[in-house]
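Working through the structure, step by step
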Amino acid sequence: MVGAETKELWSGTSSELFTLTYGALVTQLCKDYENDEDVNKQLDKMGYNIGVRLIEDFLARSNVGRCHDFRETADVIAKVAFKMYLGITPSITNWSPAGDEFSLILENNPLVDFVELPDNHSSLIYSNLLCGVLRGALEMVQMAVEAKFVQDTLKGDGVTEIRMRFIRRIEDNLPAGEE
Amino acid sequence: MAIFSVYVVNKAGGLIYQLDSYAPRAEAEKTFSYPLDLLLKLHDERVLVAFGQRDGIRVGHAVLAINGVDVNGKYTADGKEVLEYLGNPANYPVSIRFGRPRLTSNEKLMLASMFHSLFAIGSQLSPEQGSSGIEMLETDTFKLHCFQTLTGIKFVVLADPRQAGIDSLLRKIYEIYSDFALKNPFYSLEMPISMKLKAEEAGA
């Protein structure tokens with residue numbers, strides 16, 4: 001069921017509309033803020049607001065249970081969540097020795113189809129929304145994480161790489177029975 | 001309809017959505033002439049029958065309507081006190097509807113937060129580590145089913161004890177919640193939901 005829906009969503013005009021919408025959003029933010037760092041922060045905030053809502057939809061539709069360690073979390077994010085919402089399956093690499101950091105490698109990023117970064121926006125992190133989404137969604141399931149881009153195809157790298165770092169488990173306001 | 005009510009409780013124990021869909025089965029309407037042979041008393045902002053049970057009107061039933069017009073707690077719709085009105089022989093013959101008092105929204109809020117605490121106690125009482133909270137509560141007239149999401153929202157459904165398939169209903173309600181409540185950008189998380197669309201979907 002999930003596979004069929006994403007196939008429809010991502011082959012055809014609706015994925016173009018999504019890319020165009022996101023592009024319009026970023027360019028408008030650039031005009032409003034004039035400063036790449038502020039735009040990055042806004043994208044992260046917007047992504048956070050999306051993430052806290054998206055997690056409910058994700059849990060309602062995908063029926064995955066609670067993850068017991070960061071590796072499980074990484075698997076679910078890459079194989080289920082990204083597939084469900086963006087139609088891509090990033091690969092997971094570069095685990096830190098302590099098991100609290102990993103990289104998501106995206107071969108192709110639907111947000112940046114046909115996008116070229118001009119020179120005056122060289123420090124703009126175009127897809128920063130994704131980092132906010134990951135941060136917001138995981139915070140609602142009691143995990144504080146940090147997500148940032150370390151490679152970006154828009155800046156000339158071969159692949160897009162997001163580095164995810166586990167900060168801590170959020171202990172306040174745990175739902176009953178989860179201690 | 002075998003589903004009696006649906007409650008949605010947020011992470012902090014506050015009720016954010018509530019829907020009742022049971023047909024009240026025990027209501028009786030009768031015409032009375034002076035003097036009233038039932039003893040009525042005021043209790044908790046409602047006029048209850050204290051004595052004089054007969055013809056389907058039982059002790060504990062509240063005055064729901066006078067002459068077809070719903071009463072407002074202990075006042076009639078025009079603002080007069082019900083007991084005064086019924087003590088005045090000039091107002092007779094009068095037709096009064098009695099029935100089991102419905103819960104007010106304040107009472108529902110209190111019950112929801114109490115259930116939230118009991119749910120937590122349920123998981124702490126367990127001899128095993130990491131038990132879930134209360135999933136089902138059974139009485140002879142209804143069964144209460146509860147589903148807690150990983151984000152702490154509880155969906156509570158009161159249904160007929162013989163009704164099957166409540167688990168899938170709870171999941172469906174979760175999906176509806178994630179669609180209508182979350183995709184509306186003007187809805188702030190954890191706040192009461194007041195959307196009509198949600199009510200229609202839930203009724204369906």
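Further up the page is the structure itself.
Residues numbered from 1 in each chain as written. Chains lettered and ligands numbered in written order. Predicted model: local features only at pLDDT ≥ 70, side-chain atom pairs only at ≥ 80, totals over all residues. Heavy atoms only, no water.

1. A word on helix H2 (residues 105–125) of chain B
Residues and elements named next belong to chain B. What counts is decided by this rule: Elements are defined by DSSP. Helices are runs of H or I of four residues or more, strands are runs of E of two residues or more, and each kind is numbered from the N terminus. Multiply 1.5 Å by the residue count of a helix minus one, and that product is the helix's expected span. Each residue gets one of three labels from its accessible area relative to the maximum for its type: buried under 20%, exposed over 50%, partly exposed in between, using a 1.4 Å probe on protein chains only. To be clear, the arc concerns the directions from the helix axis to the C-beta atoms. Throughout, a residue-residue contact means that at least one pair of heavy atoms, one from each residue, lies within 4.5 Å.
The terminal C-alpha atoms of H2 lie 30 Å apart, and with 21 residues this matches the ideal 30 Å at 1.5 Å per residue to within 8%. Residues of H2 that are buried include every one of Lys108, Ala112, Phe115, His116, Phe119 and Ser123, and no others. The arc that holds every buried residue of H2, seen down its axis, measures 105°, which confines them to one face. Residues Asn106, Met110, Gln124 and Leu125 are exposed on H2 and point more than 90 degrees away from its buried face. Of the surrounding elements, those touching the buried residues of H2 are strand S1 (3–9), strand S2 (15–20), strand S10 (143–148) and strand S11 (154–159).

2. Considerations on the interface of chain B and chain A
Accessible area lost upon the coming together of the parts is a frequently used measure of interface size. Convention followed: Note on terms: buried area is the combined drop in 1.4 Å-probe accessible area of two parts once they are placed together, counting the loss on both. Within this document, salt bridges are pairs made up of a side-chain nitrogen of Lys or Arg and a carboxyl oxygen of Asp or Glu, the two lying within 4 Å of each other. Pairing of N or O atoms within 3.5 Å defines a polar contact, subject to two protein rules: one partner must be a possible hydrogen donor and the other a possible acceptor, and residues neighboring in sequence count only if both atoms are side-chain atoms. Here the nonpolar group is Ala, Val, Leu, Ile, Met, Phe, Trp, Tyr, Cys and Pro; Asp, Glu, Lys and Arg are the charged ones; every other residue, Gly included, is treated as polar.
Taken together, the contacts link 27 residues of chain B with 21 residues of chain A. Considering only the surface of chain B that becomes buried against chain A, Lys11, Leu150 and Thr151 of chain B emerge as the three largest contributors, covering 33% of it. The interface formed by chain B and chain A includes 2 salt bridges. For Arg61 of chain A, the salt bridge is made with Glu175 of chain B, and the minimal N-O distance between the two is 3.6 Å. The tally of links between chain B and chain A comes to 6 residue pairs in polar contact (both at pLDDT 80 or more). Where the side of chain B that touches chain A is concerned, the elements lending two or more residues are H2 and helix H3 (166–183) of chain B. When residues of the side of chain B that touches chain A are assigned to their parent elements, the largest contribution, 9 residues, is made by H3 of chain B. Grouping the amino acids of the side of chain B that touches chain A by side-chain chemistry returns 11 nonpolar, 11 polar and 5 charged.

3. Some thoughts on the sheet that holds strand S1 (residues 91–93) of chain A
What holds strands together in a sheet is hydrogen bonding between their backbones, with the strands either parallel or antiparallel. All names here are of chain A. Our working definition: We treat two strands as partners when DSSP finds at least two bridges between them. Here an axis means a line fitted to C-alpha atoms, over the contact stretch when the element is a helix, while the angle between two N-to-C directions is reported on a 0 to 180 degree scale.
With antiparallel pairing, 4 strands are arranged side by side in an open sheet as S1-S2-S4-S3. Unpaired on one side and paired on the other, S1 and strand S3 (143–151) mark the two borders of the sheet. Taking each pair of neighbouring strands and ignoring which way they run, the sheet shows an average axis angle of 30°. Sheet topology places S1 next to strand S2 (residues 101–106); 3 bridges connect them, and they run antiparallel. Note on S2: the bridge partner recorded for Thr93 is Ser103. Seen against the sheet, helix H4 (residues 70–86) touches S1, S2, S3 and strand S4 (160–169) and runs at an angle of roughly 15° to S2. With respect to the sheet, helix H5 (residues 128–140) is in contact with S2, S3 and S4, its orientation differing from that of S3 by roughly 165°.

Worth remembering: the numbers are spatial, not functional.
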